[in-house]
Protein chains: 4
Amino acid sequence: MSTLNKVTLIGYLGRDPETRSTANGDAVAHFTLATTETWKDKATGEKREATEWHRVVLYRKLAEIAGQYLKKGSLVYVEGRLQTRKWTGKDDVERYVVEIIADDLRMLGGRNSHAEDAPEHKPEAEQSSAITRKSARPQPAEFEFEDDAIPF
Amino acid sequence: MSTLNKVTLIGYLGRDPETRSTANGDAVAHFTLATTETWKDKATGEKREATEWHRVVLYRKLAEIAGQYLKKGSLVYVEGRLQTRKWTGKDDVERYVVEIIADDLRMLGGRNSHAEDAPEHKPEAEQSSAITRKSARPQPAEFEFEDDAIPF
Amino acid sequence: MSTLNKVTLIGYLGRDPETRSTANGDAVAHFTLATTETWKDKATGEKREATEWHRVVLYRKLAEIAGQYLKKGSLVYVEGRLQTRKWTGKDDVERYVVEIIADDLRMLGGRNSHAEDAPEHKPEAEQSSAITRKSARPQPAEFEFEDDAIPF
Amino acid sequence: MSTLNKVTLIGYLGRDPETRSTANGDAVAHFTLATTETWKDKATGEKREATEWHRVVLYRKLAEIAGQYLKKGSLVYVEGRLQTRKWTGKDDVERYVVEIIADDLRMLGGRNSHAEDAPEHKPEAEQSSAITRKSARPQPAEFEFEDDAIPF
DNA sequence: TTTT
DNA sequence: TTTT
C-alpha cells in the first residue's frame, strides 16, 4: 500500500542559491524560501502575519537551473518531498533539519524576479520541468476550442 | 513564466481498466474513478452526498500497472493533468471530454482492492511510481553538508 | 473511507471574469484559465506547446475578489474540485461541461496583472484566502509542548 | 502577491494520537506519520527503501476526530502547512522542530485501520472535512452519467 | 534572509 | 480568449 510525501510551495528566495557538486559530480543547489501567511486576529481585529522559512534542495538539472536563473527575491513554485537529515554540530549535539527535496521548479515572478542572464523568451526552467516529467508524457491530443455552444 | 495544471484524486474504479495500444505500440489504459463528497444540508440538516466520475488515462508503464493490478472497486491515488479532447459522435455532434492524464498512480486499498495476481508485499505500482520520478530522485545518503553550525 | 477530488492550477485569465448572482443572492464568478505545457518533440527535436483551457467557477467571497481584482491576463493560483455539469444546447443535444469549483485563489502576477482598482499594498485576495481557511487556523504561538528532549 | 505553503501526506500513524487541550480550551492532537519511498539502487540493482516520519498537529474538530477514530497503524491522508517551532531542551540547547499543521484529514484504511468505536458507514472525518471547507461549498449540480455515447 |  |  503506497504512501505519499509531497510539499508544494510558492515563495520568495531569501538569498541567492548556493550551488555545489556531490562526490559523484552531480550539481546540488540550496536555497531558503519564504512563505507568509496573513490573518486577522480574532480578539484585536488587527492584521497579523507570520513568515515561514523552508530549506529547499535541488539536484542535477534543477540545481543548474536554480544556479543560473534564480536569485535573492525570485518568486518560484517548488514541488518536492520532505526529508529529515541528522547532523552534529561543533558542540557535539545531534540535530535534525527538515529539507524539501525538489522535483519540480517553476519561475513565477516578472522580469526582475530572475537573474539577468536569463533567456529572453523561453526560460530553461520551463523546458526542464517538462523534461523531468517527459517519461510520463503522452502525445497531447490535437484540440481546438469553439466557444459558441458552451454555456458561459 | 510557468503555469501549472495538476489534478489529485483518491477514489474507486467504477469498472475494470480497459487496456489498448496506441499506433506506435505504447500501452494505454482507461478507467473511471469515483469521488464522493458528503455534506450536511444547511436547510434541512440532512446528510447529502454527490459522486463525481473522473476519466483517467494512463500511458506506458502506468498503463501496464493499471491493467495488471487494478480492477473495479480498487481504491487508488492518481496524480495527473487535465486535458480536453474533442470527439464527434455518431450523430455528427462535436463534443468535448475532459480527461486526467496520469503521471503518478498509487494503490491504496486492502487485499481485496487489487487484482488477485497482485504481488503479496510490494505492489509494482509503488516501484513503478518511483521509477516514473527516478530521474529527479537523488541518492538520499550520498550527500553531506560541510557547513558550520547551521547547515544552510 | 474518504475520497479526494482536487485541482491545482497556475495560469492566465483568458478574459475578464463574469460575475452574477445565484437565485439565493450569492455572488458567482466565472473565468477561463490557460495553462501551457511545452516540450521538445522527440522525433524532430522541435519545441512544441499545447494550451489547455480550464473553466473556473467561484462563489461568494472568492467571486467578489475575482470580480474586483482579476482581469484578462491576470496570473493566478487556483485550487478547487472538479465538477461535471450537464446542460442541453439549443439543438436539444445533451452535453457535459467540466468545471473547477474554486476554494482557494491567490494572485501571482505583478502590478499589471490585476485590476487597476486593486489595493496598493494588501490585495484583499490574500486576506480572503486566509479567511476561507480561518476555521482550521490555530493560533500559532499559543501552544507549547512540555515533553522531554524529543517533543513527540 | 500571495505565497503557498502546503503539505500533502498519505501514511501510517506510528502510535495512537495524543490529545490535549490548549490554554483556551481547544483540543489539540499530535501523531507521527510514516511515509516510505522505495527505489531500485542503480549500482547494485537492489530494492531499497527509506521511511520518513512526519509530526502532525491537529486542532479543534480535527483533533477530536483524530482522538476518536485514529490509532497506531491507521492509514490517513493529511493536508496542511509546514511550521517550524523553536524549543529548548533540558540541556539548554535550542532546537527547531518542523510540524505539519493539518487542515484536512481523511481516513483511508480498511476496518482494522481505525479505532473500534468508529461509526460503521460514515466516519465523522469525512463529514468534518466537508464542514471545514463548507464556506466555499456551492450547491452541487444534479448530474447523471449516461455512458453509451461516450468514447471510452 | 524574502515579498506585499 | 491568456501568457512567455
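Per chain, the residues get numbers from 1 upward, laid out in the order the sequence is written. Going through the entries in the order they are written, you letter the chains from A and number the ligands from 1. This being a predicted model, a pLDDT of at least 70 is required before a residue's local features are given, and a value of 80 or more before pairs of side-chain atoms are given or counted; all residues contribute to the totals for chains, interfaces and linings. The basis for the side-chain values is all heavy atoms of the structure; hydrogens and waters are excluded.

Q: Which residues make up the overall build of chain A, and what are the values?
A: Where helices and strands are cited, they refer to DSSP runs of H or I of at least four residues and of E of at least two residues respectively, numbered from the N terminus. In terms of regular secondary structure, chain A is built from two helices and six strands. Each residue is placed in one exposure class: buried if its accessible area under a 1.4 Å probe, protein chains only, is under 20% of its type's maximum, exposed if it is over 50%, and partly exposed if it falls in between. A total of 152 residues make up chain A; the buried ones form 54% of that total. Note on contacts: a residue pair is in contact if any heavy atoms of the two residues lie within 4.5 Å. The long-range share in chain A, meaning contacts at least 24 apart out of those at least 6 apart in sequence, stands at 61%. Total accessible area computed for chain A in this model is approximately 7,200 Å², and 45% of it derives from carbon and sulfur atoms. To measure how exposed things are, a 1.4 Å probe is used in the Shrake-Rupley method; for residues, cover is taken only from the protein chains shown.

Q: So what about the nonpolar core? Which residues, and what values?
A: The set of buried Ala, Val, Leu, Ile, Met, Phe, Trp, Tyr and Cys residues whose side-chain atoms join them within 4.5 Å is what this entry labels a nonpolar core. Formed by 46 residues in total, the largest nonpolar core has its most connected members in Phe31(A), Leu58(A), Leu105(A), Phe31(D), Leu58(D) and Leu105(D). Setting aside residues up to four positions removed in sequence, Phe31(A) forms contacts with Leu13(A), Pro17(A), His54(A), Arg55(A), Val56(A), Leu58(A), Ala66(A), Leu70(A), Val76(A), Val78(A) and Leu105(A). One finds Leu13(B), Leu58(B), Leu70(B) and Ala29(C) within the second-largest nonpolar core, a separate group that totals 45 residues.

Q: How would you sum up the environment of Arg15(B)? Please name residues and give values.
A: With respect to the helices, strands and loops of the structure, Arg15(B) is situated in the loop between β1 (4-13) and β2 (18-21). Using a relative accessible area of 55% as the deciding quantity, one classes Arg15(B) as exposed.

Q: Report on the pattern of salt bridges, specifying residues and quantitative values.
A: Salt bridge criterion: a side-chain nitrogen from Lys or Arg within 4 Å of a carboxyl oxygen from Asp or Glu. Applying the stated criterion across every chain, the model contains 36 salt bridges over all chains. Of the charged contacts, one joins Arg48(A) and Asp41(A) as a salt bridge, the two residues approaching to 3.7 Å between their closest N and O atoms. For Arg48(A), a relative accessible area of 40% gives the class partly exposed. Where salt bridges share partners, they join Lys6(A), Glu79(A), Lys6(B) and Glu79(B) into one cluster.

Q: Kindly report on the pairing of strand β6 (residues 94-107) of chain C, identifying the contributing residues and their values.
A: Residue and element names in this part refer to chain C. With 11 of its 14 residues buried, β6 lies for the most part within the structure. Note on pairing: DSSP must find at least two bridges between two strands before they are called paired. Judged from the two bridges that link them, strand β4 (residues 47-59) and β6 form a sheet pairing that is parallel. Residue Val56 lies in a different strand from β6, and its bridge partner there is Ile100. For strand β5 (residues 75-88) and β6, the ladder comprises 13 bridges, and the chain directions are antiparallel. Each residue of the ladder has a partner; that of Gly80, found in β6, is Ala102. Hairpin connection from β5 to β6: five residues lie between these consecutive antiparallel strands, with Asp92 at a positive phi of about 65°.

Q: Can you break down the UniProt feature "DNA-binding region" (unreviewed entry) in chain A residue by residue, with the values?
A: UniProt positions are given in the numbering used here, feature names are shortened, and annotations may be inferred rather than shown by experiment. Following the UniProt record, the feature "DNA-binding region" (unreviewed entry) maps to residues 53-59 of chain A here. Counted over residues 53-59 of chain A, helix gives 0% and strand 100%. Its end C-alpha atoms are 20 Å apart.

Q: Help me get a handle on the side chain of Asp104(B), residues and values and all.
A: Residues and elements named next belong to chain B. On the secondary structure map, Asp104 appears in strand β6 (residues 94-107). Overall, Asp104 belongs to the buried group, its relative accessible area being 4%. Think of a polar contact as two N or O atoms within 3.5 Å of one another; within protein, one of them needs to be a possible hydrogen donor and the other a possible acceptor, and neighboring residues in sequence only count if both atoms come from side chains. Of note is the side chain of Asp104, whose polar atom sits 3.1 Å from the side chain of Arg106.

Q: Which residues make up the side chain of Thr35(B), and what values do they have?
A: Position of Thr35(B) relative to the elements: it lies in strand β3 (residues 27-40). Residue class for Thr35(B) comes out buried when judged on its relative accessible area of 2%. In terms of polar contacts, Thr35(B) uses its side chain to reach the side chain of His54(B), at 2.9 Å. Other than its neighbours up to four places away in sequence, Thr35(B) contacts Ile10(B), Gly11(B), Ala50(B), Thr51(B), Glu52(B), His54(B), Thr3(C), Leu4(C) and Asn5(C).

Q: Outline the confidence of the model for chain A, supporting the account with residue identities and numerical values.
A: All names here are of chain A. The predictor attaches a confidence to each residue, and that confidence, scored 0 to 100, is pLDDT. Averaged over all residues, the pLDDT of chain A is 78; the fraction at 70 or higher stands at 74%. Considering each helix and strand of chain A separately, the mean pLDDT is smallest for helix α2 (residues 124-132), with a value of 31, and largest for strand β1 (residues 4-13), with 97. Below pLDDT 50 for its whole length, residues 117-152 participates in 83 contacts with residues either more than four positions away or in separate chains.

Q: Before we move on, can you summarise the environment of Leu108(A) with the specific residues and values?
A: Relative to the assigned elements, Leu108(A) resides in the loop between β6 (94-107) and α2. Each C-alpha atom, one on Leu108(A) and one on Ser74(A), is 8.0 Å from the other, the two residues being 34 residues apart in sequence.

Q: Help me get a handle on unusual backbone geometry, residues and values and all.
A: One non-glycine residue, Asp92(A), lies in the positive phi region at around 65°. Within the secondary structure, Asp92(A) sits in the loop between β5 (75-88) and β6.

Q: Tell me about the environment of Ser74(C), and please be specific about residues and values.
A: Residues and elements named next belong to chain C. Among the secondary structure elements, Ser74 is positioned in the loop between α1 (60-69) and β5. Spatially, the C-alpha atom of Ser74 lies 15 Å from that of Glu64, the residues being 10 residues apart in sequence. Separated by 2.9 Å, the side chain of Ser74 and the backbone oxygen of Lys71 make a polar contact.

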